[in-house]
Amino acid sequence: MMKKALIVLAATIAMSAPVMAYDKDMASSYQKLFAPAQGAKVGKEMHLTSPENYLKMVKENNVLTLDVRTEDELSAIQIVLPNTLNIPANEVFLPQNLDKLPKDKKIAVMCKSGLRATAIGTALRHIGFDNVVIVKNGLQGVTGAIEPNWKS
């Protein structure tokens with residue numbers, strides 16, 4: 001009987017919790033951000049860059065790499081490139097970490113596969129970092145560009 005009462009109480013609390021409505025202003029700002037992303041221009045408008053183009057930027061010393069992988073991932077495979085900043089995705093938006101990002105130099109966001117980098121890079125652009133590019137296919141793509149026969 002007690003178990004049933006707890007279930008009813010939990011269900012009542014869950015149903016009485018305020019329903020979170022979406023933020024119309026934020027939705028509008030994202031609409032503006034994504035409006036140009038149409039047709040063949042989607043990749044360019046999303047600020048995606050190929051692994052080959054990323055490596056060219058590194059060679060020209062024209063980019064800071066923001067590696068958003070976890071500490072466990074970093075311990076497995078390190079990127080040994082100049083100007084690399086390692087900040088896990090869940091810590092990028094802390095004020096002290098945002099302060100570490102340059103405003104006057106291109107930032108290439110990278111993770112293992114490109115998924116987290118896409119989310120982080122898009123959010124950084126949304127808050128005003130216009131100098132951000134996202135490395136397509138992440139570290140896997142870069143490694144494949146360096147050594148085409150490498151398999152993850």
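Relevant structure appears above.
Calculation rules
Residues numbered from 1 in each chain as written. Predicted model: local features only at pLDDT ≥ 70, side-chain atom pairs only at ≥ 80, totals over all residues. Heavy atoms only, no water. Helix = DSSP H or I, 4+ residues; strand = E, 2+ residues; numbered from the N terminus. Expected span 1.5 Å × (residues − 1). Buried < 20%, exposed > 50% of the residue type's maximum accessible area, 1.4 Å probe, protein only. Contact = heavy atoms within 4.5 Å. Phe/Tyr/Trp six-rings, centres within 6.5 Å; stacked < 30°, edge-to-face > 60°. Pairing = 2+ DSSP bridges. Right-handed = clockwise from strand over helix to strand, strands pointing away. Polar contact = N/O pair within 3.5 Å; in protein donor to acceptor, adjacent residues only side chain to side chain. Axes fitted to C-alpha atoms, helices over the stretch in contact; angles between N-to-C directions. Parallel < 35°, antiparallel > 145°, perpendicular 65-115°, else oblique. Nonpolar A, V, L, I, M, F, W, Y, C, P; charged D, E, K, R; others polar.

Caption draft 1: Looking closely at helix 7 (residues 115-126). For helix 7, built from 12 residues, the straight-helix expectation of 16 Å at 1.5 Å per residue is met to within 8% by its first-to-last C-alpha distance of 17 Å. Taken together, the buried positions of helix 7 are occupied by A117, I120, G121, T122, A123, L124 and R125. Buried residues belonging to helix 7 abut helix 2 (24-34), helix 3 (42-45), strand 2 (64-67), helix 6 (95-98), strand 4 (107-110) and strand 5 (132-135). Downstream of helix 7 by one or two residues, G128 has phi in the positive range, about 115 degrees.

Caption draft 2: Spatial organisation of the packing of aromatic side chains. In this structure the tally under the stated criterion is 1 aromatic pair. Measuring from centroid to centroid gives 6.1 Å for Y30 and F34, while their planes differ by 15 degrees, and the two rings are stacked. Placement of the pair is Y30 and F34 together in helix 2, with a separation of 4 residues, close to one helical turn.

Caption draft 3: Main features of the pairing of strand 4. Of the two faces of strand 4, both are covered, the one formed by I107 and V109 as well as the one formed by A108 and M110. In this structure, strand 4 lies alongside strand 5, joined through 3 bridges in parallel fashion. Paired with I107 across the strands is V132, a residue of strand 5. Read from strand 4 through helix 7 to strand 5, the crossover connection turns out right-handed.

Caption draft 4: Structural detail: the side chain of R69. Checked against the element boundaries, R69 lands in the loop between strand 2 and helix 5 (71-76). Residue classification places R69 among the buried residues on the basis of a relative accessible area of 3%. Here the side chain of R69 touches D67 through a polar contact of 2.7 Å, side chain to side chain. From its side chain, R69 meets the backbone oxygen of E73 in a polar contact 3.4 Å long.

Caption draft 5: Highlighting the sheet that holds strand 5. Strand order in the open sheet made by the 5 strands is 1-5-4-2-3, with parallel pairing throughout. In the strand order of this sheet, the two ends are held by strand 1 (48-49) and strand 3 (84-86), each with one partner. As defined by bridge partners, strand 2 adjoins strand 4 across 4 bridges and the pair is classed as parallel. Paired with L66 across the bridge in strand 4 is V109. Sheet contacts for helix 7: strand 2, strand 4 and strand 5; angle to strand 5, the most-contacted strand, approximately 170 degrees.

Caption draft 6: Examining the packing of helix 4 (residues 51-59) against helix 8 (residues 138-146) more closely. Contact geometry of helix 4 with helix 8 gives a least axis separation of 8 Å together with a crossing angle of 80 degrees. One element, helix 4, and the other, helix 8, form an angle in the roughly perpendicular class. Counting all contacts with helix 4, which are made through P51, E52, Y54 and L55, the residues of helix 8 involved are G141, V142, A145 and I146. The residue inventory of the contact of helix 4 with helix 8, partitioned by class, reads 6 nonpolar, 1 polar and 1 charged.

Geometry only, nothing functional implied.
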